[in-house]
Amino acid sequence: MKKTLVLIPLLFCLLLTGCGNAARERFETFSRELAQKDALSFTAALTASYPDRTASFSLRYALEGDVQRVTVLSPGEISGITAKVEKGATALEYDWLILDTGDLDAYGLTPMSALPLLVEALRTGHPDAFWEEGGCDAVELSVSDHCLARVWFDGGIPCRAELQCDGVVTVACEIENWS
């Protein structure tokens, strides 16, 4: 009886390891293919969590060669503004208008830099953990010493993501129209 009780948890662990390995292989294939692409687009319903408030945005991300652009779809007051996102940028610029979206953390993450950071994590981030959740593969990626990304995949395509900085979720998004 004791041997059976010991074997059941071991078998369960082996099954979980197998799920993680399959998810790892699917992610590594996805990441390699993404790294070779020079064009990508998707939309995201993004929630940014500031220390004192939250803000919601609907954004379109586009990669064309080496140029990354983020277009605001909503809120309506800034809809249509497109930003070329560069490392360290914290503002959107359009003609004479400058809109400061504000930093979400001490490292310069903004709602407008979140999607380019997510894509970079998917391309080059170090995978730390794999699991299955709600019928989706999930992966946790180290982006830097202080930031990580969690991404859920439905049918091999990202459908949801979170960015955490110093253990706090600062960005959560639902991803659609990945192509």
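In what follows, the structure referred to is the one given above.
Residues numbered from 1 in each chain as written. Predicted model: local features only at pLDDT ≥ 70, side-chain atom pairs only at ≥ 80, totals over all residues. Heavy atoms only, no water.

With respect to the packing of aromatic side chains
Each aromatic ring pair is summarised here by two numbers: the centre-to-centre distance and the angle between the ring planes.
Then step 1. Inspection of the entire model under this criterion finds eight aromatic pairs.
Then step 2. Taking 6.1 Å as the distance between ring centres and 55 degrees as the angle between the ring planes, the aromatic pair formed by Phe27 and Phe130 counts as tilted. Of this pair, Phe27 sits in helix α1 (residues 2-36) while Phe130 sits in strand β7 (residues 126-133), placing them 103 residues apart in sequence. Considered together, Phe27 and Phe130 belong to a single accessibility category, that of buried residues.
Then step 3. Ring centres of Trp131 and Trp152 lie 6.4 Å apart, and the angle between their planes is 90 degrees; this geometry places the pair in the edge-to-face category. Placement of the pair is Trp131 in strand β7 and Trp152 in strand β9 (residues 147-154), with a sequence separation of 21 residues.
Then step 4. Aromatic ring contacts, followed pair by pair, group Phe27, Phe30, Phe42, Tyr61, Phe130, Phe153 and Trp178 into a single cluster.
Then step 5. Over the face of the ring belonging to Tyr50 we find Arg53, whose NZ or CZ atom lies 4.0 Å from the ring centre.
Then step 6. In this structure, Arg160 is placed above the aromatic ring of Trp152, and the distance from its NZ or CZ to the ring centre is 3.9 Å. (Phe/Tyr/Trp six-rings, centres within 6.5 Å; stacked < 30°, edge-to-face > 60°. Helix = DSSP H or I, 4+ residues; strand = E, 2+ residues; numbered from the N terminus. Buried < 20%, exposed > 50% of the residue type's maximum accessible area, 1.4 Å probe, protein only. Lys NZ or Arg CZ within 6 Å of the ring centre and 35° of its normal.)

Digging into the pairing of strand β10 (residues 157-165)
Then step 1. Of all nine residues in β10, seven are buried, a share of seventy percent or more.
Then step 2. Judged from the eight bridges that link them, β9 and β10 form a sheet pairing that is antiparallel. Directly across from Val151, in β10, lies its bridge partner Ala161.
Then step 3. Hairpin connection from β10 to strand β11 (residues 168-176): two residues lie between these consecutive antiparallel strands, with Asp166 at a positive phi of about 50 degrees. (Pairing = 2+ DSSP bridges.)

Thoughts on the environment of Val169
Then step 1. Position of Val169 among the secondary structure elements: in strand β11.
Then step 2. Non-local contacts of Val169, meaning those with residues more than four positions away in its chain, are made with Ser49, Glu162, Leu163 and Gln164. (Contact = heavy atoms within 4.5 Å.)

Some remarks on helix α2 (residues 111-124)
Side chains three or four residues apart in an α-helix point the same way, a direct result of the helix having 3.6 residues per turn.
Then step 1. The terminal C-alpha atoms of α2, which comprises 14 residues, lie 20 Å apart, in line with the 20 Å expected from a rise of 1.5 Å per residue.
Then step 2. Among all positions in α2, only Pro111, Met112, Ser113, Ala114, Leu115, Pro116, Leu118, Val119, Ala121 and Leu122 are buried. (Expected span 1.5 Å × (residues − 1).)

Focus on the state of the cysteines
Then step 1. Per the counting criterion, the structure on display carries zero disulfides.
Then step 2. Residue Cys165 stays outside any disulfide, its sulfur separated by 3.5 Å from that of Cys147, the closest cysteine.
Then step 3. Free of any disulfide, Cys173 has its nearest neighbouring cysteine sulfur in Cys159, separated by 9.9 Å.
Then step 4. Taking relative accessible area as the criterion, Cys173 reaches 4% and is therefore assigned buried. (Disulfide = S-S within 2.5 Å.)

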